[in-house]
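One letter stands for each residue in the lines below.
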Amino acid sequence: MSAIDLYARATSGHAERVAHAVALLQSAASEHAGRIVLASSLGAEDMVLTDLIARHRLPIAIGTLETGKLHAQTLALAQRVEQHYGLTIELHRPQQESVVHFVRQHGDDAMYRSIELRKACCALRKLEPLQRMLAGRTAWVTGLRREQSDARGAVPFLEADEHGRTKLSPLADWSWNDVWHYIATHQVPYNPLHDEFMPSIGCEPCTRAIAVGEDFRSGRWWWERDDAKECGLHVGGAQASAVSALPRRATTKNAQGASA
Ligand code: SF4
């Protein structure tokens, strides 16, 4: 059974949530023209955002962190997306010297030995390349949703990150059903690993399938406590601040992909 078979149900208010996400993206693309990027993990949420950006021809770049540890299916998806939409995905890789030094010192499986080593691996494979992705940009888009975990339960649509950039999470109020209903309705390409019970896909050594009823992110760093399960890309909402120029809630009912 595919993820679409399992999850792609229409839910009340879906069309309004699509319209609101589009309005947020349009407004941010206009305000930050040429200086805004979608930081895509190529997960289901980011595929929805990619489709919205391409469908509405929004001037928002798309970048992903090619950590050197991604699944072959994820790398293949990046190519498929480029062909499907006729766009280019920026691939931001870690500094080779840092990776070689880290692996020599701690081994290729260091992430399993301590939270500190796992976070050090994330720092050099994700955080440093993310800073290069965001350099010169004043806004970034993420696929964060409140439903994903307790730690993300209060994600705002808009906040200022720790460097003062606008951080936009247009799908903050979307459900997992919303995501898959959109993917099914618009034939959005997606990672086949989602069909193997991996709702949240990261690096291969740090992702596994989950069981029915488990938390969305329980397959990520499954050997750690729940409160440690972030890689540092998304610092908590203490800095959150409303950006009043952007729409708080669109109400139009004629959004692209509207469904019952
Ligand atoms: S998710 Fe795992 S492999 Fe990927 S950067 Fe973090 S610790 Fe390293």
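Details of the structure are given in the entry above.
What comes next is a walk through the structure. (Residues numbered from 1 in each chain as written. Predicted model: local features only at pLDDT ≥ 70, side-chain atom pairs only at ≥ 80, totals over all residues. Heavy atoms only, no water.)

### Things to note about the overall build of the chain
The helix and strand inventory of the chain stands at 7 helices and 6 strands. Going residue by residue from the N terminus, the α and β elements of the chain occur as α-α-β-α-β-α-β-α-α-β-β-β-α. Buried positions account for 52% of the 260 residues belonging to the chain. Of all intrachain contacts in the chain linking residues separated by at least 6 positions in sequence, the fraction that spans at least 24 positions is 75%. Total accessible area computed for the chain in this model is approximately 11800 Å², and 51% of it derives from carbon and sulfur atoms. (Helix = DSSP H or I, 4+ residues; strand = E, 2+ residues; numbered from the N terminus. Buried < 20%, exposed > 50% of the residue type's maximum accessible area, 1.4 Å probe, protein only. Contact = heavy atoms within 4.5 Å. Areas by Shrake-Rupley, 256 points an atom, 1.4 Å probe, with all protein chains shown as cover.)

### A few points about the pattern of salt bridges
Summed over all chains, the structure comprises 11 salt bridges. The closest approach of N and O atoms between Arg-145 and Glu-147, which form a salt bridge, is 2.7 Å. What makes Arg-145 buried here is its relative accessible area of 0%. Glu-147 sits in the partly exposed class, given a relative accessible area of 36%. Close ionic contact of Asp-161 with Arg-165 constitutes a salt bridge, the shortest N to O distance being 3.6 Å. Since its relative accessible area comes to 8%, Asp-161 is described here as buried. (Salt bridge = Lys/Arg side-chain N within 4 Å of Asp/Glu carboxyl O.)

### Regarding the pairing of strand 1 (residues 36-40)
Where burial is concerned, most of strand 1 is hidden: 5 out of the 5 residues are buried. With 4 bridges connecting them, strand 1 and strand 2 (residues 61-65) associate as parallel partners. Residue pairing in the sheet places Ser-40 in a bridge with Thr-64 of strand 2. Viewed along the sheet, the connection from strand 1 through helix 3 (residues 44-55) into strand 2 turns out right-handed. (Pairing = 2+ DSSP bridges. Right-handed = clockwise from strand over helix to strand, strands pointing away.)

### Topic: the packing of aromatic side chains
One pair of aromatic rings is described through two measures. These are the centre distance and the angle between the planes. As enumerated under the stated definition, the model contains 7 aromatic pairs in all. A ring pair is formed by Tyr-112 and Trp-222, whose centres lie 6.5 Å apart and whose planes are at 50 degrees; its orientation type is tilted. Within this pair, whereas Tyr-112 is found in the loop between helix 5 (96-106) and helix 6 (115-134), its partner Trp-222 is found in the segment after helix 7 (176-186), the two being separated by 110 residues in sequence. Given the relative accessible area of 39%, Tyr-112 is considered partly exposed. Using a relative accessible area of 30% as the deciding quantity, one classes Trp-222 as partly exposed. Measuring from centroid to centroid gives 6.1 Å for Trp-174 and Tyr-182, while their planes differ by 55 degrees, and the two rings are tilted. (Phe/Tyr/Trp six-rings, centres within 6.5 Å; stacked < 30°, edge-to-face > 60°.)

### As for the sheet that holds strand 6 (residues 166-168)
With mixed pairing, the 6 strands of this open sheet are ordered in space as 3-2-1-4-6-5. If you trace the sheet from one side to the other, it starts and ends with strand 3 (90-92) and strand 5 (158-160), each paired once. Strand-to-strand twist across the sheet, computed as the mean angle between neighbouring axes with direction ignored, equals 30 degrees. Here strand 5 runs beside strand 6; their pairing, made up of 3 bridges, is antiparallel. If you follow Leu-158 over to strand 6, its bridge partner there is Leu-168. (Axes fitted to C-alpha atoms, helices over the stretch in contact; angles between N-to-C directions.)

### With respect to unusual backbone geometry
A positive phi angle, near 50 degrees, is found at Gln-187, a position not held by glycine. Note that Gln-187 resides in the segment after helix 7. The exposure class assigned to Gln-187 is exposed, which follows from its relative accessible area of 59%. A positive phi is found at Phe-197, a non-glycine position, where the angle reads about 60 degrees.

### Some remarks on the environment of Thr-138
Checked against the element boundaries, Thr-138 lands in the loop between helix 6 and strand 4 (139-141). For Thr-138, a relative accessible area of 27% translates into the label partly exposed. A sequence separation of 104 residues divides Thr-138 from Gly-34, and the C-alpha atoms of the two residues are 9.2 Å apart. Side-chain polar atoms of Thr-138 contact the side chain of His-32, separated by 2.7 Å. (Polar contact = N/O pair within 3.5 Å; in protein donor to acceptor, adjacent residues only side chain to side chain.)

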